[in-house]
Protein chains: 2
Amino acid sequence: MSRVSSAERRAALVRAALRVIDRDGVHAATTRMIVAEAGMSLASFHYAFRSRDEMMRELIAFVVADEQRVSLEALDPDADIRSAVRAGMRAYFELLRAHPSREQALQELVQYSLRTPGLEHLPRAQYASYFHTARVLLERGAENAGVQWGLPIEQLARILIAITDGLTVAWLADRDDEAAGTLIDFAADTIGALALSRRSVTPKSS
Amino acid sequence: MSRVSSAERRAALVRAALRVIDRDGVHAATTRMIVAEAGMSLASFHYAFRSRDEMMRELIAFVVADEQRVSLEALDPDADIRSAVRAGMRAYFELLRAHPSREQALQELVQYSLRTPGLEHLPRAQYASYFHTARVLLERGAENAGVQWGLPIEQLARILIAITDGLTVAWLADRDDEAAGTLIDFAADTIGALALSRRSVTPKSS
DNA sequence: GTCTATAAAGTGATAGAC
DNA sequence: GTCTATCACTTTATAGAC
């Protein structure tokens, strides 16, 4: 029996790798940097993982699942739909301001996967997860506010993710908080305007 | 006297580096790959540039200037504003479909600059250039269509760039042409709806 | 100016002692 | 299982012949 299970050692290495990536970027996450961060020897890495690529694969799966978990916790059940969308985007933006390197790392992981043979399919799953999360948030937000969407929710989810991604990379580049806030307000107004009250879509009963 | 000037050798190396980055990504643009692509020896690289970082600096400056030049050529002078915005975005999307690796490379260069000491300010300039280009396109489009904008044009430019960036990364991940087209139509409708006819904003003279 | 050869440092992965 | 030591390779950069 080992002092720590194989799964625990793997998880510890993934967490260490994430700290390195968060701090210095994907290119800095060498096996030596990762084991130094985890307080292990280099050989332990290859005892837990067959290769660095195998670890990166597990890391990306973990990150995608974690993003989904965090996003779904940020829903305000008592708000009109425009406020709910704005609050959700502002919550994300505060996360971005608090951990810019973390969000940048997620974008780097997409680029890395797209360029790495055998990992090209991961960004598709990552964005499918993003769209799913946005869709759930929009559905619950509309339910809480007593409205329904005037556009297919898949389209709305893609719009929301596109604006959020665009907001992120522009802010990472110029750190303009005011412009980001204005963009969020615009997005919330625009998306909020696409909601129809439930009564207005059943005029025969009024 | 040299057979080719120092500036020409530097430009040739930058173009070779761009071909490598376009094909295999920023991480693959090693000095050896670049000189092989340019048909030079390794020593020639360090004769033209003090270091790889110096070359990357010149490369990014070149790319930013080139993007600005290309974008400003894609303007249709005879269109209503909604069609003009949609046509501009569709033209960009066709460019993306034709050269996905090139657009991915631009995003990689942003991430690379943000992580490289001494290059952190370049993404700011790059996005300032993007915003300036979007602003010029929106101004000329409105002028051609005989309308004016109901929102500050800086805000509109940032919205346009954010949606374009978000569209790009999502499409690179899942290659969903139909979803991208729908997103473009939505963006064109939304931004087009923010244009006011010139007559409607000068009611006193009517 | 342009080459070959090589230095100096970093990389992923493994062998073998304990 | 966990270490040290090391292999085989790649990287940027430079020295020195021509």
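Everything numeric in this text was worked out from a predicted model, so none of it was measured.

**Student:** A description of the relation of the copies chain A and chain B should follow, citing residues and the corresponding values.
**Tutor:** A rotation about an axis combined with a shift along that same axis relates the two copies of the chain. For these two chains of identical sequence, chain A goes onto chain B by a turn of 180° and a shift of 0.0 Å along the axis, with RMSD 0.1 Å. In the structure described here, the two chain copies are related by an operation that fits a two-fold rotation axis. Here 100% of the interface residues in chain A have copies in chain B that are interface residues too; the copies meet face to matching face.

**Student:** Describe the interface of chain A and chain B, with residues and values.
**Tutor:** Of the residues lining the interface, 42 residues belong to chain A; the matching set on chain B comes to 42 residues. For the pairing of chain A and chain B, the buried interface totals around 3300 Å² over both sides, and the portion due to carbon and sulfur atoms is 63%. It is Q111(A), R115(A) and R158(A) that lose the most area in chain A upon contact with chain B, and together they represent 24% of the buried surface on that side. The tally of links between chain A and chain B comes to four salt bridges. A salt bridge links D174(A) to R158(B), with the shortest nitrogen-to-oxygen separation between them at 3.1 Å. Where chain A touches chain B, the interface holds 14 residue pairs in polar contact (both at pLDDT 80 or more). Mapped by element, the contributors of at least two residues to the side of chain A that touches chain B are helix 1 (6-24), helix 6 (100-115), helix 7 (122-145), helix 8 (153-174) and helix 9 (177-192) of chain A. Element by element, the count of residues in the side of chain A that touches chain B is highest for helix 8 of chain A, at 14 residues. Here the residues of the side of chain A that touches chain B are counted per class, giving 22 nonpolar, 10 polar and 10 charged.

**Student:** Break down the protein's contact with DNA strand C for me, with residues and values.
**Tutor:** Inspection of the region around DNA strand C gives 14 residues, with T31(A), R32(A), L42(A), H46(A) and R52(A) positioned closest. Within the contact set of DNA strand C, a base nitrogen lies 2.9 Å away from a side-chain nitrogen or oxygen of R32(A). Per-element tally for the surface near DNA strand C: the top contributor is helix 3 (residues 42-48) of chain B, with three residues.

**Student:** Help me get a handle on empty space enclosed by the protein, residues and values and all.
**Tutor:** Within the structure shown, the criterion is met by one cavity of 30 Å³ or more. Put simply, the largest cavity is a space of about 50 Å³. As for the largest cavity, its lining consists of I159(A), I163(A), F186(A), A187(A), T190(A), I159(B), I163(B), F186(B), A187(B), T190(B) and I191(B). With four residues, the single largest contributor to the lining of the largest cavity is helix 9 (residues 177-192) of chain B. Residues of the lining of the largest cavity, tallied by class, amount to nine nonpolar, two polar and no charged.

Parameters and conventions
Residues numbered from 1 in each chain as written. Chains lettered and ligands numbered in written order. Predicted model: local features only at pLDDT ≥ 70, side-chain atom pairs only at ≥ 80, totals over all residues. Heavy atoms only, no water. Least-squares fit on C-alpha atoms with pLDDT ≥ 70 in both. Contact = heavy atoms within 4.5 Å. Buried area = accessible area lost by both parts, 1.4 Å probe. Salt bridge = Lys/Arg side-chain N within 4 Å of Asp/Glu carboxyl O. Polar contact = N/O pair within 3.5 Å; in protein donor to acceptor, adjacent residues only side chain to side chain. Helix = DSSP H or I, 4+ residues; strand = E, 2+ residues; numbered from the N terminus. Nonpolar A, V, L, I, M, F, W, Y, C, P; charged D, E, K, R; others polar. Near = heavy atom within 4 Å. 1 Å grid on protein atoms, 1.4 Å probe; cavity = no way out; pocket = protein on both sides within 12 Å on 5 of 7 lines; lining within 4 Å. Points joined across faces, edges and corners; volume = space filled by probe spheres on them.

None of this, on its own, says anything about what the molecule does.
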